Amino acid sequence: VPLEETSLPLFFGWFLLPGIQDKVRCTSMDFLKTLDTLEAFKKHLPDFTVDAEKEVDLEQYFQTNGALHCTTKFCDYGKAEGAKEYADKPAVKELYGSAFELSLSALFVTPRTVGARVSLSEDQLTLWPADAEKEAVSVVPAAATLPAGSRAHVTLGCAEGVEPQQTGFDLLEILALQQEGQEGELVEEMELGSLAYYGKGRWLLSLREPVSAQACFSSLYG
Ligand code: ACK
């Protein structure tokens, strides 16, 4: 009996290949190392943490966990709504195990998470669940009006006690502000790109050169 008929995975997604995982982790660490030394970051520290008296070491603040990936569909072993329908999609069956190049176009940091925005191509969007953004509206109301694929991200770290699915919500919040016409306060031109501040401890670094990340479309049973 094929495995897919016995059970569904925890989630489907693109799993970054080992070499590029190291590169992305290093880029993220470099960014965090620089960010917490910036005067602008120190100025907005009260927005970032309640304990604004203390300095924050962002590399310690976020815990990293597991293999870097971009979730397409969280299935929860079949318990999540639409899990079976997603697993049965022709594109999912056809492209399972195939290699892709993901474009990581920005890094973002909030008091809860650090992540990379993934800008999906048309081909990649065929694997994106139609309701991924709508499923986030209870947390980010404006998510319903954002284009498909807006939630696509790689979680790079979470603050203590924060669930990784928060990274997608944090990204959607920033994109919703952009859609409303808020550009963010341009803080600094860094080597990696331009850094903007969106209030409430939310930072976005738009990468000058998007990172092209080789990834395999697959699933995790966990
Ligand atoms: O960082 P992520 O995208 O956020 O990768 C993990 C992965 O599934 C395994 O936990 C994501 N995840 C967890 N719960 C959900 C959910 N309800 N909806 C969407 N993604 C989820 C989590």
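Treat the numbers as computed from the prediction; the structure is a model and nothing was measured. (Residues numbered from 1 in each chain as written. Predicted model: local features only at pLDDT ≥ 70, side-chain atom pairs only at ≥ 80, totals over all residues. Heavy atoms only, no water.)

Caption draft 1: Main features of the site of the ligand. Near the ligand, the surroundings consist of Phe 11, His 69, Thr 71, Phe 74, Arg 151, His 153, Thr 155, Pro 164 and Gln 165. Thr 155 places a polar side-chain atom, nitrogen or oxygen, 2.5 Å from an oxygen atom of the ligand. Bound to the protein, the ligand loses 78% of the 450 Å² it would expose on its own. Those elements giving two or more residues to the shell around the ligand turn out to be β3 (69-74) and β6 (153-159). Element by element, the count of residues in the shell around the ligand is highest for β3, at three residues. Counted by class, the shell around the ligand contains three nonpolar, five polar and one charged residues. (Near = heavy atom within 4 Å. Polar contact = N/O pair within 3.5 Å; in protein donor to acceptor, adjacent residues only side chain to side chain. Areas by Shrake-Rupley, 256 points an atom, 1.4 Å probe, with all protein chains shown as cover. Helix = DSSP H or I, 4+ residues; strand = E, 2+ residues; numbered from the N terminus. Nonpolar A, V, L, I, M, F, W, Y, C, P; charged D, E, K, R; others polar.)

Caption draft 2: Examining the pattern of salt bridges more closely. Under the criterion given, the structure shown has six salt bridges. One salt bridge connects Arg 112 with Asp 170, and the closest N-O pair in it is separated by 3.0 Å. Of the two residues, Arg 112 is situated in the loop between β4 (99-109) and β5 (113-119) and Asp 170 in helix α9 (residues 166-179); the sequence distance between them amounts to 58 residues. Connected through shared salt-bridge partners, Lys 84, Asp 88 and Lys 93 make up one network. (Salt bridge = Lys/Arg side-chain N within 4 Å of Asp/Glu carboxyl O.)

Caption draft 3: Summary view of the side chain of Lys 73. When you line up the elements, Lys 73 lands in strand β3. Looking at Lys 73, its side chain comes within polar contact range of the main-chain oxygen of Glu 81, at 2.7 Å. Sequence-distant contacts of Lys 73, defined by excluding residues within four places in its chain, comprise Phe 11, Phe 12, Glu 81, Gly 82, Ala 83, Tyr 86, Pro 129 and Glu 135. (Contact = heavy atoms within 4.5 Å.)

Caption draft 4: Representation of helix α2 (residues 18-35) in the model. With 18 residues, α2 extends 26 Å between its outermost C-alpha atoms, agreeing within 8% with the 26 Å of an ideal straight helix rising 1.5 Å per residue. Regarding α2, the residues found buried are Ile 20, Gln 21, Val 24, Thr 27, Ser 28, Phe 31, Leu 32 and Leu 35. For α2, the angular spread of the buried residues around the axis is 135 degrees, confining them to a single face. Among the exposed residues of α2, those oriented more than 90 degrees off its buried face are Pro 18, Gly 19 and Asp 22. (Expected span 1.5 Å × (residues − 1). Buried < 20%, exposed > 50% of the residue type's maximum accessible area, 1.4 Å probe, protein only. Arc of directions from axis to C-beta.)

Caption draft 5: Examining the pairing of strand β8 (residues 193-197) more closely. Of all five residues in β8, four are buried; the element is thus mostly enclosed. Pairing analysis gives four bridges linking strand β7 (residues 185-189) to β8, with the strands arranged antiparallel. Across the sheet, residue Glu 189 finds its bridge partner in β8, namely Ser 194. Bridge count for β8 against strand β9 (residues 203-220) is five bridges, and the pairing is antiparallel. Bridging across to β9, Tyr 197 finds its partner in Trp 203. (Pairing = 2+ DSSP bridges.)

Caption draft 6: Focus on α9. With 14 residues, α9 should reach 20 Å at 1.5 Å per residue; the first-to-last C-alpha distance of 20 Å fits that figure. Among the 14 residues of α9, eleven are classified as buried, and the element is accordingly described as predominantly covered. Structurally, α9 contributes buried residues whose contacts are with β4, β5, β6 and β9. Gly 181 sits one or two residues past α9 and shows a positive phi near 100 degrees.

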